[in-house]
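# Fold and contact review
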Amino acid sequence: MFAVDPNTVLAWFMDVADHAAAFSQHFLHDVRVTQVQLDELFALLSAVKAGEVTEAEAITCLARSPHWVWAAIDPESKLLLAIDVGDRTRAMAQRFVHHVAQVLAPDCAPLFLMDGFTEYLTALLTHYGHWVQPPRRQAQGPAPKPRWMPLPGLLYAQLIKTVRRRRLVQVRHRVVFGTWEAINEVLARNDWHINTAFVERLNLDLRQHVAAIGRRVTTLCKGEDGVRQQLALFHVYHNFVLPHVSLRQPLPQPQPTNGTGSAKQWRPCTPAMAAGLTDHVWTLREVLLFRVPPWPRPVGV
């Protein structure tokens, strides 16, 4: 229909996804935040094997397998810290929390907010813990063995929802690590309470922008690698290209427009700008033409 070979488009898209992943890795490091919200989004990926069926047959009978899209966001700057695809297991929670810890600064231990998924507890304790020698309780006998305990500054709270017949009937707040006073002190800076609203709003953006995990779409995604490539492009687009209305900044002086409309009063701002990673709104062309260091030198130089 468009006189374009699908295999060529797919090859280019794979190169773009690799470049987008390298682009995010180059900019997202040593990030300092005060809060992190984490969530898992259920997705259905078609498990169609290439060559066994035609596209027409694949669309009518798709063999689907469950997967989860893991996301971590800074609710203040709306910066998408990490995104990944995998099963909802302890091993995946360990890998995802390790990815988030690599993005954050080494001495940064923010407030973690998430749902009641219990595997996060082990993952957070693994990355934000240290050995503690318990004191002796008796003068004689062997010394107590060291215990792995959470860091004193680690804050972790859960928002546990109870749903019955597709209706929300109860919401409970639970503090796992830290104290209520310390958590409320962090949330009081923005007049917030324990919630996961920002990462759940991100799930809507994922449904709308990533075709592989959208609801009731005809997109044919042939596996986990395909949706991971789409998520890599969305990661860059959300952080560097897409301005957020809630982050816009007022201009010192209104700027007149070329047309007959009202003067421009706001400066667009992306999550990367709000987090201090860049100073302007990027375009997709700028992202694709950006040379991620270290760039290989030409032969003979």
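See the structure printed just above.
Report on the accompanying structure. (Residues numbered from 1 in each chain as written. Predicted model: local features only at pLDDT ≥ 70, side-chain atom pairs only at ≥ 80, totals over all residues. Heavy atoms only, no water.)

## Observations regarding the overall build of the chain
Cut-off, in case you're wondering: A helix here means a DSSP run of H or I that spans at least four residues, while a strand means a run of E at least two residues long, and both kinds are numbered starting from the N terminus. Three labels apply to residues, based on accessible area from a 1.4 Å probe with only protein chains included: buried if under 20% of the type maximum, exposed if over 50%, partly exposed otherwise in between. Contacts: residue pairs with any heavy atoms within 4.5 Å of one another. Each accessible area is a Shrake-Rupley result for a 1.4 Å probe, and residues are judged covered by the shown protein chains and nothing else.
Secondary structure assignment for the chain yields nine helices and 10 strands. A total of 301 residues make up the chain; the buried ones form 38% of that total. Summarising the internal contacts of the chain: among those between residues at least 6 apart in sequence, 63% fall at separations of at least 24. Total accessible area on the chain stands at roughly 18,600 Å², and carbon and sulfur atoms take up 55% of it.

## Considering the packing of aromatic side chains
Two descriptors summarise a pair of aromatic rings, namely the distance from one centre to the other and the angle between the planes of the rings. Note the following rule: The pairing test for Phe, Tyr and Trp rings, Trp by its six-membered ring, is centres within 6.5 Å, and the orientation test on the planes gives stacked under 30 degrees, edge-to-face over 60, and tilted for anything in between.
The full count for this structure, using the stated rule, is 18 aromatic pairs. When the centroid spacing of 5.4 Å and the interplanar angle of 85 degrees are considered together, the rings of F23 and F290 count as edge-to-face. Separated by 267 residues along the polypeptide, F23 in helix α1 (residues 6-27) and F290 in the segment after α9 (284-289) bring together distant segments of the chain. A relative accessible area of 0% places F23 in the buried class. Look at W70 and F117: their rings are 5.9 Å apart centre to centre, the planes differ by 65 degrees, and that puts the pair in the edge-to-face class. Within this pair, whereas W70 is found in strand β2 (residues 64-74), its partner F117 is found in the loop between β4 (111-114) and α4 (119-127), the two being separated by 47 residues in sequence. Assessed through its relative accessible area of 10%, F117 is described here as buried.

## Looking at unusual backbone geometry
One non-glycine residue, K78, lies in the positive phi region at around 65 degrees. Its location among the elements puts K78 in the loop between β2 and β3 (79-86). With relative accessibility at 15%, the residue K78 sits in the buried group.

## A word on the environment of V245
Here V245 shows up in the loop between α7 (224-241) and β9 (249-255). Residues V245 and C269, 24 residues apart in the sequence, show an inter-C-alpha distance of 7.7 Å.

## Points about a nonpolar patch on the surface
Test applied: The patches described consist of residues with a relative accessible area above 30% and no salt bridge, like charges being joined within 9 Å and nonpolar side chains (Val, Leu, Ile, Met, Phe, Trp, Tyr) within 5 Å. Note on definitions: salt bridges are taken to be side-chain nitrogens of Lys or Arg within 4 Å of carboxyl oxygens of Asp or Glu.
A contiguous nonpolar surface patch, about 330 Å² in accessible area, is contributed by F2, V4 and V9. Note that V9 resides in helix α1.

## Remarks on the packing of α1 against α7
Applicable threshold: Fitted lines through C-alpha atoms serve as axes, helices being fitted only where they are in contact, and the angles separating the N-to-C directions of these axes extend from 0 to 180 degrees. Roughly parallel here means an angle under 35 degrees, roughly antiparallel means over 145, roughly perpendicular means 65 to 115, and every remaining angle is called oblique. Rotating anticlockwise by less than a right angle from the far helix to the near helix defines a left-handed crossing, while the corresponding clockwise rotation defines a right-handed one. Polar here means any residue other than Ala, Val, Leu, Ile, Met, Phe, Trp, Tyr, Cys and Pro, which are nonpolar, and Asp, Glu, Lys and Arg, which are charged; Gly is therefore polar.
At a minimum axis distance of 8 Å, the contact between α1 and α7 shows a crossing angle of 45 degrees. The angle between α1 and α7 falls in the class oblique. In this structure, α1 crosses over α7, and the sense of that crossing is left-handed. Listed contacts from α7 to F13, M14, V16, A17, A20, A21, F23, S24 and F27 of α1 are Q229, Q230, A232, L233, H235, V236 and F240. Partitioned by chemical class, the residues of the contact of α1 with α7 number 12 nonpolar, four polar and no charged.

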